[in-house]
Amino acid sequence: MNLRWNTSDFGGVKDLRIPPHRIWKPDVLMYNSADEGFDGTYPTNVVVRNNGSCVYIPPGIFKSTCKIDITWFPFDDQRCEMKFGSWTYDGFQLDLQLQDEMGGDLSSFVTNGEWELLGVPGKRNQIYYNCCPEPYIDITFSIIIRRRTLYYFFNLIVPCVLIASMALLGFALPPDSGEKLSLGVTILLSLTVFLNMVAETMPATSDAVPLLGTYFNSIMFMVASSVVSTILILNYHHRSADTHEMSDWVRLVFLYWLPLILRMNRPPGRGTQMPMDYPPTPCSNSSEQPNKSHHHLPQNNHLNILTDVELKQRCSKSLLANVLDINDDFRHNNCRPLLPGGGVGSSSTLPPNSSYFRSVFSSSEDENAIGDGIPPIHTCMKSSADYELSLILKEIRFITDQLRKEDEDHDVARDWKFAAMVVDRLCLIIFTLFTIIATVCVLLSAPHIIVS
């Protein structure tokens with residue numbers, strides 16, 4: 001009543017600006033204020049009109065307490081409430097009303113680069129407290145904001161996926177390159193440094209584990225597991241018969257079952273190959289240079305000549321079989337004709353200038369040369385020559401045993417290398433599927449993916 005007047009009595013004045021401390025104003029404050037002064041408004045003048053209405057719109061910066069839920073960070077929505085009401089007047093003395101059900105006016109809102117404002121709905125609440133029988137009125141505004149994820153997607157998620165892809169490429173690197181383990185450790189260190197940068201951007205709270213943190217921990221676990229798998233692969237690749245023996249279950253799993261499941265075909269082995277400097281066998285030049293002694297030696301009962309069929313059959317046998325055949329020939333036929341240079345009935349492993357040949361040729365009394373001047377031999381082998389031949393056969397057996405042992409060792413090493421290839425292929429498939437599934441699950445579980 002005291003704030004009304006007639007405009008004609010006061011020269012047509014319709015409104016006045018009065019300082020707030022000169023008139024009564026309600027003590028409307030924000031209940032959940034976090035400001036140091038509690039009331040963050042600036043005391044501007046009150047506009048008083050001639051009809052008695054007062055307009056008081058104090059500007060201010062409001063700081064409120066709000067619980068942040070980072071479960072879906074960085075794909076999260078936050079809801080913060082601002083509760084306004086009278087501190088001392090109850091609902092019978094001061095009745096606060098909400099002008100618009102939509103809440104706050106967003107016409108002058110300035111867009112933010114990190115958050116998107118979805119709305120500011122308001123609600124009028126009438127609460128009865130235990131202290132007082134009167135109701136207390138408050139107006140609660142809920143600020144609903146959504147985090148823009150474009151920055152986090154291209155600066156956190158995409159680099160993490162690329163680092164995980166580099167870890168997968170480590171399984172495609174050959175073990176003999178020497179950089180397989182170094183690549184895995186380097187990727188693990190780079191991911192650790194990257195996670196330290198990510199930890200600075202995430203809110204420090206223990207109420208919930210962020211979705212992005214869960215994803216990064218999964219990727220880091222995958223990279224660490226890939227390093228452990230790489231060590232196992234290199235261990236298998238460099239095993240040999242001298243240090244490890246492949247058990248039956250390892251052979252069954254890694255050489256038969258897993259290759260069958262992974263559709264891996266093992267390359268065929270080369271088999272035993274003779275060294276290049278090994279003396280030629282009788283069949284090495286039988287087809288190119290036929291033995292001239294076949295045409296010049298007389299066919300009698302004292303000669304035991306090898307035919308072409310026998311040479312081919314002996315050529316198809318292994319070195320040890322040829323040695324055993326030669327030994328049997330000298331045991332059953334103690335009088336074999338021997339010709340220097342790998343002639344008929346002689347073993348090419350015996351050099352022509354050996355003591356055996358010298359003793360045999362010196363005991364020959366036939367001076368008539370046949371063919372190329374090579375005298376026929378009809379004398380029986382001496383005891384010394386037999387002893388020398390047995391030593392030679394013993395050495396050849398030793399050499400063949402060594403070759404066989406080397407071939408067996410190579411076969412064992414090839415088995416371990418193939419097992420390493422199988423583990424490498426299996427880890428590549430498993431970790432690739434793990435990375436893809438983890439990335440897809442994170443993106444699909446998020447409330448929204450990209451908000452620009």
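Residues numbered from 1 in each chain as written. Predicted model: local features only at pLDDT ≥ 70, side-chain atom pairs only at ≥ 80, totals over all residues. Heavy atoms only, no water.

**A word on the overall build of the protein**
Using the following cut-off: Only DSSP runs of H or I with at least four residues qualify as helices, and only runs of E with at least two residues qualify as strands; both kinds are numbered from the N terminus onward. The rule is simple: take the accessible area with a 1.4 Å probe, protein chains only, and divide by the maximum for that residue type; under 20% is buried, over 50% is exposed, in between is partly exposed. For every accessible area listed, the method is Shrake-Rupley and the probe measures 1.4 Å; residues are considered covered only by the protein chains on display.
Tallying secondary structure elements over the protein gives nine helices and eight strands in all. The buried share of the protein, reckoned over its 452 residues, is 33%. Accessible surface, the protein as shown: approximately 28400 Å² in total, 57% of it carbon and sulfur.

**What to know about a nonpolar patch on the surface**
Our working definition: Residues enter a patch when their relative accessible area is above 30% and they make no salt bridge; the linking distance is 9 Å between like charges and 5 Å between nonpolar side chains (Val, Leu, Ile, Met, Phe, Trp, Tyr). When a carboxyl oxygen of Asp or Glu is within 4 Å of a side-chain nitrogen of Lys or Arg, the pair counts as a salt bridge.
A cluster of nonpolar side chains, Leu150, Phe154, Ile449 and Ile450, forms an exposed patch at the surface whose accessible area comes to about 350 Å². Tracing the backbone through its elements, the reader meets Ile450 in the segment after α9 (383-445). For Ile450, a relative accessible area of 44% puts it in the partly exposed group.

**Some details on the packing of aromatic side chains**
Given two aromatic rings, their pairing is described by the distance between the two centres and the angle made by the two planes. Just so we agree on the cut-off: Each aromatic pair joins two rings of Phe, Tyr and Trp (for Trp, the six-membered one) with centres within 6.5 Å, and gets the label stacked for planes under 30 degrees apart, edge-to-face for over 60, and tilted for any other angle. For a lysine, the NZ atom is tested; for an arginine, the CZ atom; a charge sits over a ring if that atom is within 6 Å of the ring centre and within 35 degrees of the ring normal.
Counted under the stated rule, the structure contains 14 aromatic pairs. Centre to centre, the rings of Phe153 and Phe154 are 5.3 Å apart; their planes meet at 80°, and the pair counts as edge-to-face. Site record: aromatic cluster; members linked through ring pairs are Tyr31, Phe38 and Trp87. Over the face of the ring belonging to Trp416 we find Arg239, whose NZ or CZ atom lies 4.6 Å from the ring centre.

**Description of helix α1 (residues 150-169)**
The following threshold applies: Take the number of residues in a helix, subtract one, and multiply by 1.5 Å to get its expected span. A residue's bend is the angle separating two fitted axes: one through the seven residues that end there, the other through the seven that start there. Any two residues having at least one pair of non-hydrogen atoms within 4.5 Å are treated as being in contact.
In this model, α1 (20 residues) spans 27 Å end to end at C-alpha, consistent with the 28 Å of a helix rising 1.5 Å per residue. Bending of α1 peaks at approximately 25° at the position of Ile157, with proline Pro159 no more than four residues after it. Every buried residue belonging to α1 is among Tyr152, Phe153, Leu156, Ile157, Cys160, Ile163, Ala164, Ala167 and Leu168, and all of these are buried. Each element contacted by the buried residues of α1 is listed here: β8 (135-147), α2 (180-201), α3 (211-237) and α9.

**Notes on the pattern of salt bridges**
As enumerated under the stated definition, the model contains 12 salt bridges in all. Of the charged contacts in the structure, one is a salt bridge between Asp411 and Arg414, with a shortest N-O distance of 2.0 Å. Of this pair, Asp411 and Arg414 both sit in helix α9, separated by three residues, roughly a single helical turn. When its relative accessible area of 34% is taken as the criterion, Asp411 is described as partly exposed. In this structure Arg414 comes out as partly exposed when scored by relative accessible area, which is 37%. Within this structure, Asp15, Arg17 and Arg49 form a network of salt bridges that share partners.

**So, the nonpolar core**
As a rule of thumb, nonpolar side chains are buried together in soluble globular proteins. To be explicit about the condition: Put simply, buried Ala, Val, Leu, Ile, Met, Phe, Trp, Tyr and Cys residues joined by side-chain atoms within 4.5 Å make one nonpolar core.
Core analysis: the largest hydrophobic core is formed by 46 residues, its most contacted members being Phe216 and Phe254. Contributing elements (two or more residues each) for this core: α1, α2, α3, α4 (248-262) and α9. Element by element, the count of residues in this core is highest for α9, at 10 residues.

**Quick word on the environment of Ile68**
Mapped onto the secondary structure, Ile68 falls in the loop between β4 (54-55) and β5 (77-86). Along the backbone, Ile68 and Gln78 are 10 residues apart, and their C-alpha atoms lie at a distance of 6.5 Å. In this structure Ile68 touches Gln78 and Cys80, once residues within four positions along its chain are discounted.

**Topic: the sheet that holds β4**
As a reminder of what qualifies: Two strands qualify as a pair provided DSSP detects at least 2 bridges between them.
Here we have three strands laid out as an open sheet, ordered β1-β3-β4, and antiparallel in their pairing. Each of the sheet's edge strands pairs with one partner strand only, and the pair in question is β1 (15-18) and β4. Pairing of β1 with strand β3 (residues 46-49) involves four bridges; the strand directions are antiparallel. In the strand pairing of β3, Asp15 is matched with Arg49.

**Re the side chain of Thr140**
Selection rule: We define a polar contact as two N or O atoms separated by no more than 3.5 Å, with the added condition that, inside protein, one atom must be a possible hydrogen donor and the other a possible acceptor, whereas residues neighbouring each other in sequence contribute only through side-chain atom pairs.
Topologically, Thr140 is positioned in strand β8. Within polar-contact distance, the side chain of Thr140 engages the side chain of Asn125 at 3.1 Å. Polar side-chain contacts of Thr140 include one of 2.9 Å to the side chain of Asp138. With near-sequence residues (within four places) excluded, Thr140 lies in contact with Glu81, Met82, Lys83, Pro121, Gly122, Lys123 and Asn125.

**With respect to the state of the cysteines**
For clarity, the cut-off: Cysteine sulfur atoms that pair up within 2.5 Å are treated as a disulfide.
For the structure on display, the rule yields one disulfide. Bridging Cys66 to Cys80, the disulfide has an S-S length of 2.1 Å. Between Cys66 and Cys80, the disulfide has an S-S torsion of -90° and is therefore left-handed. Of this pair, Cys66 sits in the loop between β4 and β5 while Cys80 sits in strand β5; the two residues are 14 residues apart in sequence, bridging distant segments of the chain. The exposure class of Cys66 is partly exposed, given its relative accessible area of 29%. Classification of Cys80 as buried rests on a relative accessible area of 15%.

**Notes on the packing of α3 against α9**
Here is the rule we go by: Axis angles are defined between N-to-C directions and span 0 to 180 degrees, where every axis is a line fitted to C-alpha atoms and, for a helix, only to the segment in contact. Any angle that is under 35 degrees is reported as roughly parallel, and any over 145 degrees as roughly antiparallel; angles of 65 to 115 degrees are reported as roughly perpendicular and all others as oblique. Residues are grouped as follows: nonpolar covers Ala, Val, Leu, Ile, Met, Phe, Trp, Tyr, Cys and Pro; charged covers Asp, Glu, Lys and Arg; every other residue, Gly included, is treated as polar.
Where α3 meets α9, the axes come as close as 9 Å, and the angle between the chain directions of the two elements is 175°. If you check the angle between α3 and α9, you find them roughly antiparallel. Taken together, the residues of the contact of α3 with α9 break down into 16 nonpolar, eight polar and two charged.

**What to know about the pairing of β8**
Two strands pair when backbone bridges link them, and β5 and β8 are joined in this way by nine bridges, in the antiparallel orientation. In the sheet register, Met82 faces β8, and the bridge partner there is Phe141. Direction of pairing for strand β6 (residues 115-119) relative to β8: antiparallel, over a ladder of four bridges. The residue bridging Leu117 from the neighbouring strand is Ile145, located in β8. With seven bridges joining them, strand β7 (residues 122-128) and β8 adopt antiparallel strand pairing.

**Here's the deal with the environment of Gly184**
Here Gly184 lies in helix α2. The spacing of Gly184 and Leu169 is 15 residues in sequence and 9.3 Å in space, taken between C-alpha atoms.

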